[in-house]
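Here is how the chains run, residue by residue.
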Amino acid sequence: MLTLEQWTVLGTWASPLVAALGFLLIRNQLKSDREALETQTSWEIYNVGGSILQTFIANPECRPYFYDGAASPTEEPLRSKVLAVNELICDHMENIILQRRALDGETYQVWAVYMQGLYNRSPTMRAFLEPSSEGYRYSTQLLDLLKQGHRDQVGQHEWLARRPDAAMPLSRAGTA
């Protein structure tokens, strides 16, 4: 049977070990929760992106205004439809910017390049995001990211020429 003094010594040594084990378990739980949040946020962003792609499938006449550099249409109802799709896309991009801390860095970077490239290819989107149009209601973080990509010509031929790895197939990029 242990004496009171022995129990005290045992408690003195055991308490820090139990506390350290508790902190380790909490750290592992927080890391696991963070990974689950990143995965869930990523899936939600890709789901919304898929819904936007479905909009283009259902309305293929809108696609050139975002991917092919076509100027904004002036005739109705196409003009209103393109503006609505523009709002869907810009709201999605705003959500990505606002949720960036809940994404892993690589996923966020992929979306940032996509957003910048889309902005660069779409005069319609650039006009939509002017402060005199709808740009006043989007975050400065989004507008600054898009403007920086425009200055850097992200997604344009010159940009791709400076970054050959950006156009390289994934299977080759990992083996270089």
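Residues numbered from 1 in each chain as written. Predicted model: local features only at pLDDT ≥ 70, side-chain atom pairs only at ≥ 80, totals over all residues. Heavy atoms only, no water.

**Thoughts on the layout of surface pockets**
At step 1: In this structure, the second largest pocket spans a volume of roughly 200 Å³.
At step 2: Considering the residues around the second largest pocket, the lining is formed by Y46, G49, G50, I52, L53, Y67, I89, H92, M93, V110, W111 and Y114.
At step 3: Sorting elements by how many residues they give to the lining of the second largest pocket places helix α1 (residues 4-58) first, with five residues.
At step 4: Of the residues contributing to the lining of the second largest pocket, the split by class is nine nonpolar, three polar and no charged. (1 Å grid on protein atoms, 1.4 Å probe; cavity = no way out; pocket = protein on both sides within 12 Å on 5 of 7 lines; lining within 4 Å. Points joined across faces, edges and corners; volume = space filled by probe spheres on them. Helix = DSSP H or I, 4+ residues; strand = E, 2+ residues; numbered from the N terminus. Nonpolar A, V, L, I, M, F, W, Y, C, P; charged D, E, K, R; others polar.)

**Some words on the nonpolar core**
Side chains that are nonpolar tend, in soluble globular proteins, to be buried together.
At step 1: Counting 30 residues, the largest nonpolar core has F56, F66, I89, M115, M125 and L129 as the members making the most contacts within it.
At step 2: Counting residues per element, this core draws most heavily on helix α3 (residues 78-98), which supplies eight residues.
At step 3: Ignoring any residue separated from it by four or fewer positions in sequence, one finds L129 in contact with C90, Y119, G135, Y138, L143 and L146. (Core = buried A, V, L, I, M, F, W, Y, C linked by side-chain atoms within 4.5 Å. Buried < 20%, exposed > 50% of the residue type's maximum accessible area, 1.4 Å probe, protein only. Contact = heavy atoms within 4.5 Å.)

**Description of the packing of aromatic side chains**
At step 1: For the coordinates displayed, the defined rule picks out four aromatic pairs.
At step 2: Here F128 and Y138 contribute two aromatic rings whose centre-to-centre distance is 6.4 Å and whose plane-to-plane angle is 55°, an arrangement assigned as tilted. Taken as a pair, F128 in helix α5 (residues 123-128) and Y138 in the loop between α5 and α6 (140-152) lie far apart in primary sequence, ten residues in all. Each member of the pair, F128 as well as Y138, carries the same accessibility label: buried.
At step 3: One aromatic cluster in this structure is built from F56, F66 and Y67.
At step 4: The side chain of R63 reaches across the aromatic face of Y67, ending 4.2 Å from its centre. (Phe/Tyr/Trp six-rings, centres within 6.5 Å; stacked < 30°, edge-to-face > 60°. Lys NZ or Arg CZ within 6 Å of the ring centre and 35° of its normal.)

**Section: unusual backbone geometry**
Glycine aside, the phi torsion of most residues is negative, and most peptide linkages are trans.
At step 1: Here the bond from E76 into P77 is cis, since omega is 5°, no more than 30 degrees from zero.
At step 2: Topologically, P77 is positioned in the loop between α2 (64-67) and α3.
At step 3: The phi torsion at Q153 lies on the positive side, around 60°, for a residue other than glycine.
At step 4: What makes Q153 partly exposed here is its relative accessible area of 33%.

**A few points about helix α4 (residues 105-121)**
At step 1: Taking 1.5 Å per residue, 17 residues should reach 24 Å; α4 reaches 24 Å between its end C-alpha atoms and fits that length.
At step 2: If you check which residues of α4 are buried, you get T107, Y108, W111, A112, M115, Q116, G117, L118, Y119 and N120.
At step 3: Along its buried surface, α4 packs onto α1, α2, α3, α5 and α6.
At step 4: Of the residues flanking the start of α4, the one acting as N-cap is D104, its side-chain oxygen 3.2 Å from the backbone nitrogen of E106. (Expected span 1.5 Å × (residues − 1). Polar contact = N/O pair within 3.5 Å; in protein donor to acceptor, adjacent residues only side chain to side chain.)

**As for the confidence of the model for the protein chain**
At step 1: When pLDDT is averaged across the protein chain, the result is 84; 90% of the residues are at 70 or more.
At step 2: Under a pLDDT of 50 for its full length, residues 167-176 has, in the predicted model, two contacts with residues more than four places off or in other chains. (pLDDT = per-residue confidence, 0-100.)

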